[in-house]
Amino acid sequence: MIELKNVSKWYGDFQVLDDCSTSVDKGDVVVVCGPSGSGKSTLIKCVNGLEPFQQGEIRVDDISVGDKDTNLPQLRSRIGMVFQNFELFPHISVVDNIKLAQLKVLQRGDEEAQDNAMRLLQRVGLADQADKHPAQLSGGQQQRVAIARALAMDPIAMLFDEPTSALDPEMINEVLDVMVELAADGMTMMVVTHEMGFARRVANKVIFMDEGRIEEDCSKDEFFNSERGERAQIFLSKILHH
Amino acid sequence: MFGDFDTGVIFQNWHFLLEGMQTTLLLTVIAIVGGLVLGTLLALARLAPFKPLSFVAGSYVNFFRSMPLILVIFWFYFLVPLVVGRPVGGFYSVLIAFVLFEAAYYCEIMRAGIQSVRQGQIYAGQALGLTYAQNMRYVVLPQAFRNMIPILLTQAIILFQDTSLVYVVGIKDFLVSADLVANRENRILEMFTTVALVYFVICLSGSLLIRRLQRKYAQ
């Protein structure tokens, strides 16, 4: 479903992605981890073309992301994305956040968009917050709304860019629970995260990145149970220490 | 000198003065609305990825910001009838001058406003499949306007004061009306004190409103 072939990217002279190749199949849950600055957030932003890349090819549902002729807005509307800082639109209500793209991109009618939004808010346990503005919600609640907003587009896959990194510890689980449920429903997911507990529970593949390169790309069991490369070993020991 | 300060002259002529104030306010409101619309379009052009468009908008802004307003007013007074091919009257030429002049300032305010919206918000709109235009219309501009309300109002107050410059082409705004009364009735002190007081009250109210808005949005 998602195919990366020899992707490289530079900011000026600085190379952020170095010859990255991997693939995500339908129904896969892939966790991308690695030290900060390793390029994992940049990599996931390349998948839906938010960040351009200079070399290589990315195909989503067999459509080339880097191709000039690709209708990027249309392709992006089929891939959900959740951001570290939630990025709900602060000037409109929670329910309008979930309706906006349904109305303007998918051209759904108001009633259908509203029903959809309420059904999804119910699913993430926030139906009673529909008319509030994002700033009135806690971080964990905002992130659950952001997930609902992405799901409202009926995406074929979901991208998560450090979805719990900006949250207070007590709010991390409410977001992870929603993600675990999504995975159980068979959603194809690519998740940049340091939550190794989440990776152990639901991932079937783990990618470890360092200095712009994909250093490990293997099944969850292989990643956690067998000898890893030195950098991955050090990284794991650092974040699993506590 | 203050012994024969005659407030009666103000009340006897209040209707005439009110007409002048209407002209001043009409000019201010139309210049704000027109300047804001044109200025926002200019700001979008200035930020457009298409370089020639951004260059043209940038040149426009730099040109008008380098001209004294009074010169622009004069200039359009003579230029507009030439372009249109018939006399249009002082009011319309002044209106066009103000809209075009203010647009340059509003452009820079809106540009700062658009750039104040976080990149993450733009990503979020894009990720949902919004086109560039939709993202601007539904995500970026509403936030830019909200962030910019205090500065937009400050510019409006400056504009309100600047409309008094239309006396150079003989438009009867509030100040000119008061001046006419002052000379006719030989009540210069009364009339200009009144004018000063009115401008002061209106501008001060505006400033206080801005301060309240700033405090509200700072929260």
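Because the structure is a prediction, the values reported are computed rather than measured.

Moving on, we come to the interface of chain A and chain B. Listed as interface residues are 18 residues of chain A and, on the opposing side, 16 residues of chain B. Those elements that place two or more of their residues in the side of chain A that touches chain B are helix 2 (72–76) and helix 3 (94–104) of chain A.

On to the packing of helix 2 (residues 14–47) of chain B against helix 8 (residues 174–185) of chain B. Residues and elements named next belong to chain B. Contact pair helix 2 / helix 8: the axes reach a minimum separation of 7 Å and the direction vectors enclose 155°. One element, helix 2, and the other, helix 8, form an angle in the roughly antiparallel class. Between helix 2, through F16, L17, E19, G20, M21 and T24, and helix 8, the contact on the second element is made entirely by F174, V176, S177, A178 and V181. Counted by class, the contact of helix 2 with helix 8 contains seven nonpolar, three polar and one charged residues.

A few words on the sheet that holds strand 7 (residues 157–161) of chain A. All names here are of chain A. Taken in spatial order, the six strands line up as 6-7-8-3-9-10 in an open sheet, and their pairing is mixed. This sheet does not close on itself; its edge strands, each paired only once, are strand 6 (79–82) and strand 10 (213–219). Across the sheet, the mean angle separating the axes of adjacent strands is 15° when strand polarity is ignored. As paired elements, strand 3 (residues 29–33) and strand 9 (residues 205–210) share four bridges and run parallel to each other. Bridging from a neighbouring strand, C33 pairs with F208 of strand 9.

In this section: the pairing of strand 7 of chain A. Residues and elements named next belong to chain A. Extensive coverage of strand 7 is indicated by the burial of five of its five residues. Neither face of strand 7 is left uncovered, since the one carrying A157, L159 and D161 and the one carrying M158 and F160 both have all their residues buried. Relative to strand 8 (residues 189–192), strand 7 runs parallel, the two sharing four bridges. Note that in strand 8 the partner of F160 across the bridge is V191. Regarding topology, helix 6 (residues 169–184) serves as the crossover connection from strand 7 to the parallel strand 8, and that connection is right-handed.

Thresholds, definitions, all that
- Residues numbered from 1 in each chain as written.
- Chains lettered and ligands numbered in written order.
- Predicted model: local features only at pLDDT ≥ 70, side-chain atom pairs only at ≥ 80, totals over all residues.
- Contact = placed C-beta atoms within 7 Å.
- Helix = DSSP H or I, 4+ residues; strand = E, 2+ residues; numbered from the N terminus.
- Axes fitted to C-alpha atoms, helices over the stretch in contact; angles between N-to-C directions.
- Parallel < 35°, antiparallel > 145°, perpendicular 65-115°, else oblique.
- Nonpolar A, V, L, I, M, F, W, Y, C, P; charged D, E, K, R; others polar.
- Pairing = 2+ DSSP bridges.
- Buried ≥ 20, exposed ≤ 12 C-beta atoms within 10 Å, placed from the backbone.
- Right-handed = clockwise from strand over helix to strand, strands pointing away.

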